[in-house]
Amino acid sequence: MTEHVEWSEPEAVAAPANAPVTPADAADAARLVAFGLQPKLQPARDQEYAELLRRYREDPPFARLADAVAAGLGLIVLEVSPRAGMAVTAAEDSVFAVRMGDYARRASADSGDRFLHGLAHLAVAAMAFPRPEDLADDGYIGRVSVNGVDAFVRQACRRLEERAEETGENTDPATDAPGLEAAWRIWARRSSTGATKDARRLAGSTTGIIAKAVAFLTESGFLQRTGDDAGGTYRTTARYQLQTRDMAGTAAMGELLELGVVPVTDGTATLLPAEDTDDLELAAGAGLPFHS
């Protein structure tokens with residue numbers, strides 16, 4: 001008899017979840033997903049958005065409905081909270097994934113340059129969140145600069161070159177080789193700035209590539225620009241932290257961090273001093289504090 005009571009109690013609690021879904025509920029769920037597709041919109045500045053987020057947290061049937069609407073659009077819900085709003089990312093087959101593809105095509109028609117743009121995005125993420133605990137801490141704010149990311153990648157290039165020399169590997173360019181071993185050969189030989197006569201930064205220079213990457217991330221609501229020093233300084237948003245958590249398990253991300261170019265001691269992260277900094281074109285103030 002006791003067992004019968006224990007099994008029947010959850011059924012009584014779950015009964016309200018079977019209430020019929022109304023068109024108004026579906027519209028509200030779709031509206032919440034639409035808010036989530038506006039990455040720069042902050043819940044604290046939009047009363048309707050904040051109310052829908054509250055309903056998501058307090059009304060499980062509505063939350064499941066919103067999740068279903070997102071899934072139907074090819075979106076993956078990363079988090080729903082006051083700090084991040086409804087943070088979603090597009091699955092590979094989603095129509096909303098086209099935007100990143102457009103970015104890659106706009107970045108450069110050259111396959112080697114597209115490779116460098118991908119490395120720039122990887123480096124920004126690795127430098128913004130150098131420790132696993134940084135990704136786990138919701139209050140953590142990463143800070144990067146354009147020149148700092150370039151110096152970071154160039155030091156990573158130096159480490160990879162030293163590793164290749166130690167193992168007797170071929171150091172000739174191999175643009176079709178996978179992973180970071182090919183990337184450093186391309187990046188190291190590219191000009192850091194390549195400024196024009198009127199002091200404009202060349203788009204094909206490594207800092208130009210990084211600048212385009214961080215501009216895209218800012219436009220997408222992942223970074224916020226904080227100043228013009230060191231080629232442009234930026235701070236991370238909650239959405240970028242969630243996005244980076246999603247990619248943290250990739251082999252390239254792990255390989256880049258394992259190089260040890262960004263050591264962490266007391267809660268700050270800076271670039272390791274190189275044995276000879278002259279040929280690395282390190283920017284002053286490249287290592288920024290990683291905590292607010």
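Calculation criteria
- Residues numbered from 1 in each chain as written.
- Predicted model: local features only at pLDDT ≥ 70, side-chain atom pairs only at ≥ 80, totals over all residues.
- Heavy atoms only, no water.
- Helix = DSSP H or I, 4+ residues; strand = E, 2+ residues; numbered from the N terminus.
- Buried < 20%, exposed > 50% of the residue type's maximum accessible area, 1.4 Å probe, protein only.
- Areas by Shrake-Rupley, 256 points an atom, 1.4 Å probe, with all protein chains shown as cover.
- Pairing = 2+ DSSP bridges.
- Axes fitted to C-alpha atoms, helices over the stretch in contact; angles between N-to-C directions.
- Contact = heavy atoms within 4.5 Å.
- Parallel < 35°, antiparallel > 145°, perpendicular 65-115°, else oblique.
- Left-handed = near helix turned anticlockwise from the far one by under 90°.
- Nonpolar A, V, L, I, M, F, W, Y, C, P; charged D, E, K, R; others polar.
- Salt bridge = Lys/Arg side-chain N within 4 Å of Asp/Glu carboxyl O.
- Patch = residues over 30% accessible without salt bridge, like charges linked within 9 Å, V, L, I, M, F, W, Y side chains within 5 Å.
- pLDDT = per-residue confidence, 0-100.
- Phe/Tyr/Trp six-rings, centres within 6.5 Å; stacked < 30°, edge-to-face > 60°.

Caption draft 1: Structural view of the overall build of the protein chain. For the protein chain, the count of helices and strands is 12 helices and five strands. The buried share among the 292 residues of the protein chain stands at 42%. For the protein chain, the exposed surface amounts to about 15400 Å²; the carbon and sulfur share of it is 53%.

Caption draft 2: Just the sheet that holds strand β4 (residues 223–227), in detail. Read across the open sheet, the three strands follow the order β3-β5-β4; overall the sheet is antiparallel. A strand with exactly one partner marks an edge of an open sheet, and here the two such strands are β3 (143–145) and β4. The average undirected angle you get between the axes of adjacent strands in this sheet is 35°. Bridge analysis of β3 against strand β5 (residues 233–236) gives three bridges, and the strand direction is antiparallel. When the bridges of β5 are listed, S145 appears paired with T233. Against the sheet, helix α8 (residues 146–166) contacts β3 and β5, and its axis sits at roughly 85° relative to β3.

Caption draft 3: Looking closely at the packing of helix α2 (residues 23–36) against helix α4 (residues 60–72). Taken N-terminus to C-terminus, the directions of α2 and α4 make an angle of 60°; their axes are 9 Å apart at the nearest point. In terms of their interaxial angle, α2 and α4 are classed as oblique. When the axes of α2 and α4 are compared, the crossing they make is right-handed. Mapping the contact onto sequence places D25, A26, D28, A29, A30, L32 and V33 in α2 and F62, L65, A66, V69 and A70 in α4. Of the residues assigned to the contact of α2 with α4, the class counts are 10 nonpolar, no polar and two charged.

Caption draft 4: Structural view of the side chain of S220. Following the sequence through the fold, S220 ends up in the loop between α10 (206–219) and β4. Here S220 falls in the buried class, since its relative accessible area comes to 6%.

Caption draft 5: Summary view of the pattern of salt bridges. Counted according to the given criterion, the structure contains 13 salt bridges. Between R55 and D25 there is a salt bridge, and its shortest N-O distance comes to 2.6 Å. In this pair, R55 sits in helix α3 (residues 47–58) while D25 sits in helix α2, placing the two residues 30 residues apart along the sequence. The residue D228 makes a salt bridge to R225 at a minimum N-O spacing of 2.8 Å.

Caption draft 6: A nonpolar patch on the surface, seen in detail. On the surface, L37, L73, V95 and F96 cluster together into a nonpolar patch covering about 330 Å² of accessible area. Among the structural elements, F96 can be located in the loop between β2 (85–90) and α5 (98–107).

Caption draft 7: Focus on the pairing of β5. Where β4 lies against β5, four bridges are found, and the strand directions are antiparallel. In the sheet register, L223 faces β5, and the bridge partner there is T236. Here β4 folds back onto β5, and the loop between the two strands holds five residues, one of which, A230, carries a positive phi near 50°.

Caption draft 8: How the structure looks around unusual backbone geometry. Phi is positive for A230, which is not a glycine, with a value near 50°. Along the chain, A230 falls in the loop between β4 and β5. Taking the relative accessible area as the measure of exposure, A230 reaches 18% and is therefore buried.

Caption draft 9: Here's a closer look at the environment of Q241. Secondary-structure assignment places Q241 in helix α11 (residues 238–247). Judged by its relative accessible area of 1%, Q241 is buried. Residues Q241 and F222, 19 residues apart in the sequence, show an inter-C-alpha distance of 8.0 Å. Here Q241 is in contact with R83, F129, D134, L135, D137, D138 and Y140, once residues within four sequence places are set aside.

Caption draft 10: The confidence of the model for the protein chain, seen in detail. Mean pLDDT over the protein chain works out to 74, with 65% of the residues at or above the 70 mark. Across residues 262–292, confidence stays below pLDDT 50; counting only partners more than four residues off in sequence or on other chains, it has 68 contacts.

Caption draft 11: Representation of the packing of α3 against α4. At a minimum axis separation of 5 Å, α3 and α4 run at an interaxial angle of 110°. Taken together, α3 and α4 sit at an angle that is classed as roughly perpendicular. Residues L52, R55, Y56 and E58 of α3 touch α4, and the partners they reach there are P60, F62, A63, A66 and D67. In terms of residue class, the contact of α3 with α4 is built from six nonpolar, no polar and three charged.

Caption draft 12: Spatial organisation of the packing of aromatic side chains. Summed over all chains, the structure comprises four aromatic pairs. Considering the side-chain rings of F35 and Y49, the 4.7 Å spacing of their centres and the 15° angle between planes classify their relative orientation as stacked. Of the two residues, F35 is situated in helix α2 and Y49 in helix α3; the sequence distance between them amounts to 14 residues. For the pair F129 and Y140, a centre-to-centre distance of 5.9 Å together with 50° between the ring planes defines the contact as tilted. You can see F129 sitting in the loop between α6 (111–128) and α7 (132–136) and its partner Y140 sitting in the loop between α7 and β3, a full 11 residues away along the chain. Grouping aromatic residues by their ring pairs yields a cluster made of F129, Y140, F222 and Y240.

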